[in-house]
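Chain by chain, the residues run as shown.
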Amino acid sequence: MTDAHYYHIDTLDRFIHEPARLMIVALLYSVERADFLYLQRETGLTKGNLSAQLSKLEQAGYVQIEKTFRGKMPLTVCSLTVEGRRAFEQYRARLQQLMTAAQHPDLSAGQVACS
Amino acid sequence: MQPVPDGRRCTRRYWMIDGLPELFMGGALLSISIILFALRFGGALSFDTVLALIPVLLLIGMPFGRHVLDAIKSRTTYPYTGYVEYARSGWSQYLASILIGFIIGWMLIEVLPRISLSVSPQVFPLITAAIFALVMFCNGYFLGMQRFYALALFCLLVGGGASLATDWYTGCLTVIGLTGVWLVVSGGVTFWRYRRMSHHQEYAE
């Protein structure tokens, strides 16, 4: 395996690559919108950690957070922005390319990028 | 270390987790079998018309049922375990479901009578049950929900019994009806357990 295969590994979106944020983005990618409670339940993160990660994703422009009320209960609804959706798709494609390169070391970097 | 969730699997699993879809689907199957029984033996419609009604009922019932179910879930499920707005179906998905409905209808009207010439009609209840069992097994396998394996086994047992006991048409409707009853029971128990667990969690917090 040549170093050329891993030459572009630093092009992975490090913001999404962080495990907690990756879980949140992966979950939001498959739905239109989801609330805080659902994300907490599915990711297993603590309230504080989830809140902090969502704030970071919101600041990066990947997630849109809407705070409303359902009756008297506060409701925090999160959704991926167009930019966040595109960033996750690019991240997934890039990671797939790197995985292919790791599985087929005989392919050149250019062939991997095309595959 | 927490594994990265498969988002699509998580949302599909979440849709089924409270047992309401089973309850609804079971009710629909039970209603269909009762209606078809009544139409067939009431003599109001011909056999072909009765068969053609199945995909029509499915086409009308599926999108309508989904909206109704979502409205119920927003009162019973989402306040306790979280709100999810599922990805909207595109036109291509709607067209695909309509196409599948027509293919099923065409198979029931055109292919089934031809098969019936070469295969004993007594096998039809078992084939119907095997189709249901396959759907249940796929649900169990892809969603990781073990109760669907029990449902699949039940379908096969009912199909085997119905193909031995009665004429094939009554056998098929018996399979559909009993699968509906079993789904209603399974969904009801799941929903009851889910609500109890959710209330316990709420008080614990």
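Below, the structure is looked at part by part.

## Here's the deal with the overall build of chain A
Part 1: On a plain count of helices and strands, chain A comes out with 6 helices and 3 strands.
Part 2: Scored against the burial criterion, the 115 residues of chain A give a buried share of 27%.
Part 3: Here the contacts in chain A between residues at least 6 apart in sequence split such that 52% fall between residues at least 24 apart.

## Looking at the pairing of strand S2 (residues 63-70) of chain A
Each regular strand carries side chains that alternate between the two faces of the sheet.
Residue and element names in this part refer to chain A.
Part 1: Relative to strand S3 (residues 73-80), S2 runs antiparallel, the two sharing 8 bridges. Counterpart to glutamine 64 in the pairing with S3 is serine 79.
Part 2: The turn linking S2 back onto S3 is made up of 2 residues, and glycine 71 within it adopts a positive phi angle of 70°.

## Some remarks on the interface of chain B and chain A
Part 1: At the junction of the two partners, chain B supplies 15 residues and chain A supplies 19 residues.
Part 2: Of all the secondary-structure elements, those providing two or more residues to the side of chain B that touches chain A are helix H1 (7-16) and strand S1 (84-86) of chain B.
Part 3: Among the elements that make up the side of chain B that touches chain A, the one with the highest residue count is H1 of chain B (4 residues).
Part 4: Partitioning the side of chain B that touches chain A into residue classes produces 7 nonpolar, 5 polar and 3 charged.
Part 5: In terms of strand pairing, strand S1 (residues 31-35) of chain A meets S1 of chain B through 3 bridges, oriented antiparallel. Each residue of the ladder has a partner; that of alanine 34 of chain A, found in S1 of chain B, is valine 84 of chain B.

## Side note on the sheet that holds S1 of chain B
Part 1: Across the sheet, which stays open at both edges, the 4 strands sit in the order S2(A)-S3(A)-S1(A)-S1(B) with antiparallel pairing between neighbours. Looking along the sheet, the strands with just one partner apiece sit at the ends: S2 of chain A together with S1 of chain B. Between one strand axis and the next, the sheet turns by 20° as a mean value, whatever way the strands run.

## Description of the packing of helix H2 (residues 19-29) of chain A against helix H4 (residues 47-59) of chain A
Residue and element names in this part refer to chain A.
Part 1: H4 packs onto H2 with a crossing angle of 75° between their chain directions and a minimal axis gap of 10 Å. For the element pair H2 / H4, the angle class is roughly perpendicular. Contact residues: H2 offers Ala20, Arg21 and Ile24, while H4 offers Asn49, Gln53, Leu54, Lys56 and Leu57.
Part 2: Across the contact of H2 with H4, the residue classes tally to 4 nonpolar, 2 polar and 2 charged.

Analysis parameters
- Residues numbered from 1 in each chain as written.
- Chains lettered and ligands numbered in written order.
- Predicted model: local features only at pLDDT ≥ 70, side-chain atom pairs only at ≥ 80, totals over all residues.
- Helix = DSSP H or I, 4+ residues; strand = E, 2+ residues; numbered from the N terminus.
- Buried ≥ 20, exposed ≤ 12 C-beta atoms within 10 Å, placed from the backbone.
- Contact = placed C-beta atoms within 7 Å.
- Pairing = 2+ DSSP bridges.
- Nonpolar A, V, L, I, M, F, W, Y, C, P; charged D, E, K, R; others polar.
- Axes fitted to C-alpha atoms, helices over the stretch in contact; angles between N-to-C directions.
- Parallel < 35°, antiparallel > 145°, perpendicular 65-115°, else oblique.

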